[in-house]
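The chain contents come next:
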Amino acid sequence: TIANSGMNGVEKRKRRFNPTDEDSTPDVERLYRERQPSFACAGGFTVETNEEVEKKKKIAERRKKDLASIDRPDVDDCEKCGKMLLDAWLWATFALPVCDECKDPDGDHKLISRTQVKEEYLLKDEDLDLRKPPLRYLAKKNPHNPRYGDMKLYVKRQIIDRMLVVHGSLDALEMKKESRKEAKEKRAESAFDAKVKEMRQHMRGAAAAKAKGVAVHVHEYGEEIHVKEDEWEKKCTTCDYKLTFEKM
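Residues numbered from 1 in each chain as written. Predicted model: local features only at pLDDT ≥ 70, side-chain atom pairs only at ≥ 80, totals over all residues. Heavy atoms only, no water.

(A) Examining unusual backbone geometry more closely. Following Lys132, the chain continues to Pro133 via a peptide bond in cis, the omega torsion being -10°. If you trace the backbone, Pro133 turns up in the loop between helix H7 (125-129) and strand E2 (138-140). Not every positive phi belongs to a glycine, and Leu86 is a case in point at roughly 50°. With respect to the helices, strands and loops of the structure, Leu86 is situated in the loop between helix H4 (50-68) and helix H5 (89-94). Assessed through its relative accessible area of 65%, Leu86 is described here as exposed. (Helix = DSSP H or I, 4+ residues; strand = E, 2+ residues; numbered from the N terminus. Buried < 20%, exposed > 50% of the residue type's maximum accessible area, 1.4 Å probe, protein only.)

What follows is the structure, encoded as structure tokens:
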């Protein structure tokens with residue numbers, strides 16, 4: 001009777017145990033599966049969430065709307081050779097009626113970054129974005145740091161045309177650049193004189209304090225912070241002193 005009850009208990013336990021496919025898989029095979037690379041990331045592809053997909057769609061729609069709002073010249077042929085434009089790159093991207101064969105990537109059709117446009121042609125954000133018609137640009141990932149915003153590239157010819165509208169002529173642009181350079185040098189000279197004066201005062205104070213046997217505080221500066229244009233500042237980590245200076 002005891003034996004029968006023991007056997008019945010074993011049978012019941014066997015009936016309760018319902019192994020899954022994973023439980024029945026040998027350990028070696030299970031380890032092999034776990035070590036296999038995921039197909040979701042194969043070849044550099046990643047699985048996008050619904051939020052990321054929707055965000056990309058909104059960006060694409062907004063970009064398409066912005067491009068549609070810019071008027072295209074009412075032409076069908078290349079302004080240089082007279083051939084049909086069809087799907088020419090400059091025409092499709094910048095609404096510039098030049099075919100691919102006549103494109104001059106090192107001259108008039110050279111791509112210039114927004115930062116370079118501001119520095120070399122003294123154009124402001126409103127000159128590029130608000131002044132009619134707004135200039136087209138090509139957005140690319142920033143090569144210095146992908147975490148930064150997209151880098152905007154403009155066609156040199158269109159930038160020169162906009163420069164002539166803003167400044168009047170190339171000579172006027174050069175005069176403004178020279179004037180800005182002189183003002184920059186004066187600011188640098190004033191900052192240098194102020195720095196020398198501050199150092200002299202500090203040395204006199206330190207000498208007087210040393211003569212009296214008083215401990216002299218030495219500034220320990222933290223990270224440099226960019227304020228505007230060539231102006232930077234850094235603060236002492238142990239007191240409230242702030243040092244402003246320029247980087248040439």
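Moving on from the coordinates now.
(B) View of the sheet that holds strand E4 (residues 225-228). Across the sheet, three strands lie side by side as E4-E5-E6; this open sheet has antiparallel pairing. Every other strand in the sheet has two partners, leaving E4 and strand E6 (242-246) as the edge strands with one partner each. Between one strand axis and the next, the sheet turns by 30° as a mean value, whatever way the strands run. Bridge count for E4 against strand E5 (residues 231-235) is three bridges, and the pairing is antiparallel. Note on E5: the bridge partner recorded for Lys228 is Glu231. (Pairing = 2+ DSSP bridges. Axes fitted to C-alpha atoms, helices over the stretch in contact; angles between N-to-C directions.)

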